[in-house]
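The primary structure of each chain is shown beneath.
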Amino acid sequence: MTAVDPRPLTGEPVSLDLLNTRWNEEGVRRDLLADAEGLAVWLAANGLDGRFAADAATLRHALATRDALAALVDRPGDPAATARVDAVLGHGRIRATLTAEGPGEEAEFADPAWGPAWTAARDYLDLLRTAPDRIRACAHEACILHFFDTSRNGTRRWCSMAVCGNRAKASRHYARTKEA
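In this text the structure is predicted, and so the values were computed from the model without any measurement.

The rules behind these values
- Residues numbered from 1 in each chain as written.
- Predicted model: local features only at pLDDT ≥ 70, side-chain atom pairs only at ≥ 80, totals over all residues.
- Heavy atoms only, no water.
- Helix = DSSP H or I, 4+ residues; strand = E, 2+ residues; numbered from the N terminus.
- Buried < 20%, exposed > 50% of the residue type's maximum accessible area, 1.4 Å probe, protein only.
- Contact = heavy atoms within 4.5 Å.
- Areas by Shrake-Rupley, 256 points an atom, 1.4 Å probe, with all protein chains shown as cover.
- Lys, Arg positive; Asp, Glu negative; His and termini not counted.
- Charge placed at Lys NZ, Arg CZ, Asp CG, Glu CD.
- Phe/Tyr/Trp six-rings, centres within 6.5 Å; stacked < 30°, edge-to-face > 60°.
- Core = buried A, V, L, I, M, F, W, Y, C linked by side-chain atoms within 4.5 Å.
- Polar contact = N/O pair within 3.5 Å; in protein donor to acceptor, adjacent residues only side chain to side chain.

## Topic: the overall build of the protein chain
1) Next: Counting secondary structure elements, the protein chain contains six helices and six strands.
2) Next: Across the protein chain, helices and strands are ordered from the amino to the carboxyl terminus as α-β-β-α-α-α-β-β-α-β-β-α.
3) Next: Taking the principal axes of its C-alpha atoms as reference, the protein chain extends roughly 70 × 35 × 35 Å.
4) Next: Looking at the protein chain as a whole, 39% of its 180 residues are labelled buried.
5) Next: Long-range contacts, defined here as pairs at least 24 residues apart, represent 47% of the contacts in the protein chain between residues at least 6 apart.
6) Next: As displayed, the protein chain has an accessible area near 10,200 Å², and 53% of this comes from carbon and sulfur atoms.
7) Next: The centroid of the 23 positive side-chain charges in the protein chain is displaced by 7 Å from the centroid of its 25 negative side-chain charges.

## So, the packing of aromatic side chains
1) Next: Taken as a whole, this structure holds two aromatic pairs when the rule is applied.
2) Next: An angle of 70 degrees between the planes, with centres 5.7 Å apart, marks the rings of F52 and F109 as edge-to-face. Separated by 57 residues along the polypeptide, F52 in the loop between helix 2 (36-45) and helix 3 (56-74) and F109 in strand 4 (residues 102-109) bring together distant segments of the chain. Neither residue differs from the other here; F52 and F109 are each classed as buried.
3) Next: Ring centres of F109 and W118 lie 5.3 Å apart, and the angle between their planes is 75 degrees; this geometry places the pair in the edge-to-face category.

## Overview of the nonpolar core
1) Next: Counting residues in each nonpolar core, the largest one holds 44 residues, and the members touching the most others are L18, L33, L39, W42, L69, V85 and C159.
2) Next: Ranked by residues supplied to this core, first place goes to helix 3 with eight residues.
3) Next: Excluding anything up to four places from it in sequence, L69 contacts S15, L18, L19, V85, A120, A121 and Y124.

## Some points on the environment of E25
1) Next: Tracing the sequence through the fold places E25 in strand 1 (residues 22-25).
2) Next: The class for E25 is partly exposed, based on a relative accessible area of 34%.
3) Next: Sequence separation between E25 and V85 is 60 residues, and the spatial gap between their C-alpha atoms is 28 Å.
4) Next: A distance of 3.3 Å separates a polar atom in the side chain of E25 from a polar atom in the side chain of W23.

Pasting the structure below:
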């Protein structure tokens, strides 16, 4: 049985969800991928647990990919960060298939331990194709989470309005009342 996911933000696209395996909780940095048990939680959260093992090699590749994606999100277009993500993508490929349901695609990996990491890197490419300007970091200064802005007008600023957005509103209110 997989442990409960302790992260404050889940359900983002798999690439951003991998970034969100690190978060701040009451001033303390937490890391879901500190061990294989945390990797199992992340794999389950993204529907990857039936296909890939939560072992040391998969964890090592997931951590390297998380760092590569974080560098690219923080510095879009940076050649070194781009090369790191591209190196991850070199560990898998898409194979065209034809099934009874029609044409399809299937991911293939020489080493299955690269599967979850490659899947996250490939998902990031899909986000870049869809709407690169909607890949965002939370605007709260103490938050390190990322999200894909699906709001109608594309102006979402917070990972969660209930948490970070509320903190910002409370902080502004406190500042106003202190001035008065």
